[in-house]
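Topology and contacts: notes
Chain by chain, the residues:
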Amino acid sequence: ETAEQHAHFEARIARGEKIEAGDWMPAEYRRQLIRMISQHAHSEVVGMLPEGEWITRAPSLRRKTILMAKVQDEAGHGQYLYHAAETLGATREDMLQALLSGKAKYSSIFNYPTHSWADVGMIGWLVDGAAIKNQTMLAGCSYGPYSRAMVRICSEETFHHKQGKEMIVAYAQGTPQQRAMAQDALNRWWWPAMMMLGPHDADSPNSGVLTRWGIKLKSNDEVRQEFINEHVPELLEAGLTIPDPDLHQDEHGNWRHGPIHWDEFWAVIRGEQGLNKERLGARQAAHDDGAWVRDALQAYTDRQRAVAAD
Ligand code: ACO
């Protein structure tokens, strides 16, 4: 890495140019992107588990087909993102191994259990709502393949968000039992959704370099503020109570939240709290069940190569 290469790269970033797959980039830019994009891909894939559990228990055929399409979309998002990370030189095998061995992170939010059908709606409204805020920002990021993947993912996430909101609004106006179910789901998902956008800016070690290189265009706290400002009025309008006694609107119209329990966040990420073992166990079982497909693909490739070599 020469000083000239660095200067050229910094100038491209300053001009707002997209960096593309074959372009020269600092090793740290590549490392940060592989870390973030692979974690993001793992999150999409692990994210299929809590919702997938409800496909057989959906209350109607309509809700079932919507949920099946949503879970399938998440698999597609995982694919785009693994491909985006592959453009940086990461291999699929290494990334999957890092997930299965517990070395790579995935979003904290997917270590929480889904207790009732309303959780499916609340995940759509809150979790996908938070993800869209983060990902709309990333759609403008400096790495071309990641930013383009985000454009498509965000448009699909918007459908996920709408189906979740529609479901919860219907239950919040439904029978007392449905209302209680929607409120219970909000009580359990509100704080995890707040946490999933990452630690406060002062405790975010990666933000400095990500911001400098145009990967993050907004800080964790800025994205969280956008998320709260959009969702609080809508949840209140739906007749639900947000489980934060300190929540209030400041003189600028921003909704201010009470203290977040970061001990829980870090314990969930470390796998000491929540369903980390169950999630990785399910991934490992799926990986093992798919071994025959990988073997068949390998045998086919080997045979094609042998034929071509003859
Ligand atoms: N879950 C798990 N780990 C997290 C989370 C979270 N919700 N938030 C932060 N962390 C980790 C970071 O990965 C980092 O650890 P690492 O350095 O070992 O990788 C550490 O906590 C410190 O956090 P930050 O320095 O703030 O990390 P970063 O600057 O990367 O910001 C963020 C975190 C906002 C999640 C960023 O990585 C990002 O935008 N990622 C892409 C989006 C994404 O992964 N979304 C997944 C959920 S969306 C969905 O699947 C529906």
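One structure accompanies this document, and this report is about it. This is a predicted model, so every value here is computed, not measured. (Residues numbered from 1 in each chain as written. Predicted model: local features only at pLDDT ≥ 70, side-chain atom pairs only at ≥ 80, totals over all residues. Heavy atoms only, no water.)

Description of the overall build of the protein
Across its full length, the protein holds 13 helices and two strands. Taking 2.2 N^0.38 as the reference for a compact globule, 310 residues should give roughly 19 Å; the C-alpha atoms of the protein span a radius of gyration of 21 Å, in line with that estimate. By residue count, 47% of the 310 residues in the protein fall in the buried class. Long-range pairs, those at least 24 residues apart, make up 76% of the contacts in the protein with a sequence separation of at least 6. (Helix = DSSP H or I, 4+ residues; strand = E, 2+ residues; numbered from the N terminus. Rg over C-alpha atoms; globule rule 2.2 N^0.38 Å. Buried < 20%, exposed > 50% of the residue type's maximum accessible area, 1.4 Å probe, protein only. Contact = heavy atoms within 4.5 Å.)

Some thoughts on the site of the ligand
Lining the immediate environment of the ligand, one finds 30 residues, of which Lys105, Ser108, Asn134, Ser204 and Lys216 sit closest. For the ligand, a nitrogen atom lies 3.0 Å from a polar atom in the backbone of Met196. Within the complex, the protein chains bury 90% of what would otherwise be the 950 Å² of accessible surface of the ligand. For the shell around the ligand, the secondary-structure elements that each account for two or more residues are helix 2 (27-46), helix 6 (117-138), helix 9 (207-212) and helix 11 (262-269). At six residues, the largest contribution of residues to the shell around the ligand is made by helix 2. Among the residues forming the shell around the ligand, the class breakdown is 14 nonpolar, twelve polar and four charged. (Near = heavy atom within 4 Å. Polar contact = N/O pair within 3.5 Å; in protein donor to acceptor, adjacent residues only side chain to side chain. Areas by Shrake-Rupley, 256 points an atom, 1.4 Å probe, with all protein chains shown as cover. Nonpolar A, V, L, I, M, F, W, Y, C, P; charged D, E, K, R; others polar.)

Some thoughts on the packing of helix 4 (residues 61-86) against helix 7 (residues 144-172)
Direction vectors running N to C along helix 4 and helix 7 enclose 160 degrees, while the axes themselves pass 10 Å from each other. Judged on the interaxial angle alone, helix 7 and helix 4 are roughly antiparallel. Here helix 4 runs over helix 7; the crossing is left-handed. Residue classes in the contact of helix 4 with helix 7 are distributed as eleven nonpolar, three polar and nine charged. (Axes fitted to C-alpha atoms, helices over the stretch in contact; angles between N-to-C directions. Parallel < 35°, antiparallel > 145°, perpendicular 65-115°, else oblique. Left-handed = near helix turned anticlockwise from the far one by under 90°.)

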